[in-house]
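The primary structure of each chain is shown beneath.
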Amino acid sequence: MKRDWIGILSAALVSTCISTSGFAADELKLKTISDATIKPIMDKYGIPGIAVAITADGQNHIFNYGVESKDTNRPVTPATMFELGSISKTFTVTLTSYADVTGRLSLSDKASKYLPSLKGRPFGDVVLMNLGTHTAGGFPLQVPDEVKTEKQLMEYFASWKPSYAAGTHRTYANPSIGALGYITAKSMGKDFAALMEDQLFPSLGLKSTFIDVPKSRMADYAQGYKRSGEPARMIPAILSSEAHGVKSTAGDMIRFIDANMGLVELDEKLQQAITNTHTGYFDVCAMTQDLTWEQYSYPATPATLMDNNSSAMLKTAPVKQLMPAMEPRDDVWINKTGSTNGFGAYVAFIPEERVGIVILANKNYPNEDRVSAAYQILTDITTAR
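Residues numbered from 1 in each chain as written. Predicted model: local features only at pLDDT ≥ 70, side-chain atom pairs only at ≥ 80, totals over all residues. Heavy atoms only, no water.

Examining the overall build of the protein
As a reminder of what qualifies: Secondary structure counts use DSSP, requiring at least four H or I residues in a row for a helix and at least two E residues in a row for a strand, with both numbered from the N terminus. Atoms considered for the radius of gyration are the C-alpha atoms alone. The globule rule reads 2.2 Å times the number of residues to the power 0.38. In what follows, a contact means two residues having at least one pair of non-hydrogen atoms within 4.5 Å. Computed with a 1.4 Å probe, the accessible areas rest on the Shrake-Rupley method; for each residue, only the protein chains presented here act as cover.
Within the protein one finds 11 helices and 15 strands. What you see for the protein is a C-alpha radius of gyration of 20 Å, in line with the 21 Å of a compact globule of 385 residues. Based on the C-alpha atoms only, the size of the protein along its principal axes is roughly 65 × 50 × 40 Å. Partitioning the intrachain contacts of the protein with sequence separation of at least 6 by distance along the chain shows that 70% fall at a separation of at least 24. Carbon and sulfur atoms make up 51% of the accessible area of the protein, which amounts to about 15,300 Å² in all.

Have a look at this one:
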């Protein structure tokens, strides 16, 4: 496939004579590409530590930079865990999709089926698919601060009034995916965190991915830093586990990306559930909204990727529902950003090219720089073939 669009960032790409034969396995060449892209970003924003993981043709490569903590100066290692922020949502919808595949729920169900106290209320009529695509009718970005208990959460949902008809607009919101995870756990009869840590993560082969980091692994939990430089880690709150509470390593996350491209041997139903999360439900701007994943026709320009991963996408935007929904495709760029006060993350993969990338940092920095870095690295790999 011809890629005449690579000239846009050609000046920033590494100029290296690369043989396509065995390129994916050439650790040194991949590290040269990663170094040239990541080190300037660390310098620009004063990021203490970054872990980069690249998958190319089923082979994984991990490159670590800087330190886990400015106090200890302990270097970032393959064991270092970072907060994923909203990338956690991709695990939440994977669990929901698995519940769908195994008959525990249906994405066409209404919320009231699992939350009967909300029957007759606007929230009770919300369809689960709309919760998973931020098209339920409009929520605030965060759960209101005064909502701290499950009882208060149900009262909040009971009093909720939509701002627009479901399926007509997209408003990115943690309460939306958070509620989907909460409902999924109800349908499966277990606590959400327990389902993730005891069932989903082990089934995916993830050994260093947690919602609640165990005491035995706290030394590997990186210290995060706000843009101002102050240390920060996320504080658990209602629906935080479901919306943005996962901590993981670059190695675990690149395995998850491989699973999303069908490159890992998994239980058949789990693999189907993962693939189903790539179903396209709505077009919004240049992006197609899947179950929390965001996809673009491939090839995609860096300008398109950066614009559609910018803070502007937090605003409400009209959508066009795809009828029928778009089946999962390989010729797409699929991505998700994630941020907490002290961490910034980005994951992207191109199934057609069998490449993907994970960038985890212990400082929050602009999404545009994360996307640009991933684009540079993946473009250099794919054009070298």
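Regarding the sheet that holds strand β1 (residues 49-56)
Basically, it comes down to this: For two strands to be treated as a pair, DSSP must find at least two bridges joining them. Axes here mean lines fitted to C-alpha atoms, for a helix over just the part in contact, with angles spanning 0 to 180 degrees between N-to-C directions.
Here we have 9 strands laid out as an open sheet, ordered β2-β1-β15-β14-β13-β10-β9-β8-β12, and antiparallel in their pairing. The open sheet terminates on both sides in strands that have one partner only, identified here as β2 (59-66) and β12 (320-326). Pairs of neighbouring strands in the sheet enclose a mean axial angle of 20°, with direction left out of account. In this structure, β1 lies alongside strand β15 (residues 355-361), joined through 7 bridges in antiparallel fashion. Residue Ala51 lies in a different strand from β15, and its bridge partner there is Leu360. Running at roughly 145° to β15, helix α11 (residues 367-383) makes contact with β1, β13 (332-340), β14 (343-350) and β15 of the sheet.

Section: the pairing of β15
Selection criterion: When accessible area is computed with a 1.4 Å probe and restricted to protein chains, residues below 20% of their type maximum are described as buried, those above 50% as exposed, and intermediate ones as partly exposed.
Of all the 7 residues making up β15, 7 are buried; the element is thus mostly covered by neighbouring parts of the structure. Side chains Val355, Ile357, Ile359 and Ala361 of β15 all project onto a buried face; the interleaved residues Gly356, Val358 and Leu360 project onto the opposite face, where all are buried too. Both β14 and β15 contribute to a ladder of 7 bridges, which runs antiparallel. If you follow Ile350 over to β15, its bridge partner there is Val355.

Structural notes on the confidence of the model for the protein
Atom-level detail of predicted coordinates should not be read off regions where pLDDT is low. Formally: In predicted models, pLDDT denotes the confidence assigned by the predictor to each residue on a 0 to 100 scale.
Per-chain confidence: the protein averages 93 in pLDDT, with 93% of residues scoring 70 or above. Segment residues 1-21: pLDDT under 50, and 36 contacts once partners within four positions in sequence are set aside and those in other chains are kept.

Points about helix α1 (residues 27-45)
Stated formally: To estimate how far a helix should extend, the number of its residues minus one is multiplied by 1.5 Å. What is called the bend at a residue is the angle between a pair of axes, fitted to the seven residues leading up to and ending at it and to the seven starting from it.
With 19 residues, α1 ought to run about 27 Å at 1.5 Å a step, and its terminal C-alpha atoms sit 26 Å apart, in line with that. The largest bend in α1 comes to about 30°, at Asp35. On its buried side, α1 packs onto β1, β2, β15 and α11. Gly46 occupies a position one or two residues after α1 and carries a positive phi of about 60°.

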